[in-house]
Amino acid sequence: MMDRPLLLLDVDGPLNPFRSRLAGLHGYTTHRMRPALWMSRRAPDSPSARRGLRVRLHPTHGPRLQALPFELAWATTWMHQANTMISPHIGLPGDLPVIEWPELFAHDPDGLYWKTRPLLEWAAGRPFAWVDDMITAKDRAWARAHYPAPSLLLRIHPRHGLRARDFTTLTRWAASLPGA
Ligand SMILES: [Mg+2]
């Protein structure tokens with residue numbers, strides 16, 4: 001049995017469906033949070049900072065992610081605050097590995113999503129799946145051409161967040177890996 005593949009998690013989009021219309025969201029809980037990056041872009045005494053960022057989370061996402069045959073890690077601008085602010089609300093452990101980006105929102109010379117290169121480097125040749133709302137066909141093509149192991153770049157619509165069919169896709173992909 002080989003090492004489990006990695007499952008790299010974005011927060012805003014897959015776990016926090018920030019583009020959703022409230023009426024369409026079942027089972028989510030709403031939270032107000034003040035993550036460091038978000039706070040760094042507003043005056044601390046502004047109405048927006050006082051209210052906090054609205055974050056919607058689904059309490060079953062953690063258990064369902066943990067039931068998948070993957071090793072979980074964070075791939076989000078929340079960085080370590082995903083462990084401290086997001087995990088407690090969705091039932092994930094507070095000590096998942098975190099990708100520390102060398103530069104947030106860096107310009108990419110080939111038009112890739114800014115996370116793509118550092119994420120592939122971090123994954124270090126292990127098979128990985130990645131859920132994020134900003135993945136494009138360019139990123140998939142680049143991973144296919146340059147990454148030495150199987151990868152699944154799964155774009156999650158920020159209106160819906162992770163849905164049953166995404167869990168099915170992840171499960172099937174993991175089962176399709178050589179040695180699985
Ligand atoms: Mg996102």
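Just so it is clear, the model here is predicted, and its values are computed rather than measured. (Residues numbered from 1 in each chain as written. Predicted model: local features only at pLDDT ≥ 70, side-chain atom pairs only at ≥ 80, totals over all residues. Heavy atoms only, no water.)

Undergrad: Account for unusual backbone geometry, with residues named and values stated.
TA: In the Ramachandran plot, Met79 falls in the positive-phi region, its phi being about 40° despite a non-glycine side chain. Counting through the fold element by element, Met79 comes out in the loop between β4 (71-74) and α4 (80-90). Using a relative accessible area of 22% as the deciding quantity, one classes Met79 as partly exposed. Even without a glycine there, the phi angle at Ala124 is positive, about 50°. If you trace the backbone, Ala124 turns up in the loop between α5 (116-123) and β5 (128-132). The class for Ala124 is exposed, based on a relative accessible area of 62%. (Helix = DSSP H or I, 4+ residues; strand = E, 2+ residues; numbered from the N terminus. Buried < 20%, exposed > 50% of the residue type's maximum accessible area, 1.4 Å probe, protein only.)

Undergrad: I'd love a proper account of the pattern of salt bridges, names of residues and values included.
TA: A side chain of one charge can pair with a side chain of the opposite charge when the charged atoms of the two come close. On inspection of all chains with the given rule, the structure shows 5 salt bridges. Here Lys115 ties to Asp10 by a salt bridge, and the two come within 3.1 Å at their closest N and O atoms. With Lys115 in the loop between α4 and α5 and Asp10 in the loop between β1 (6-9) and β2 (29-33), this residue pair connects regions lying 105 residues apart in the sequence. Judged by its relative accessible area of 4%, Asp10 falls in the buried class. Salt bridges here are not isolated pairs; linked through shared partners, they connect Asp10, Lys115 and Asp132. (Salt bridge = Lys/Arg side-chain N within 4 Å of Asp/Glu carboxyl O.)

Undergrad: Explain α4 residue by residue, including any values.
TA: Among the residues of α4, those classed as buried are Ala82, Asn83, Ile86, Ser87 and Ile90. Down the axis of α4, the smallest arc covering the buried residues is 120°, so these residues share one side. What points out from α4, more than 90 degrees from its buried face, is the exposed set Thr84 and Pro88. Among the structural elements, β2, β3 (53-57), α3 (61-66) and β4 are those in contact with the buried residues of α4. Directly beyond the C-terminal end of α4, a positive phi value near 80° is found at Gly91. (Arc of directions from axis to C-beta. Contact = heavy atoms within 4.5 Å.)

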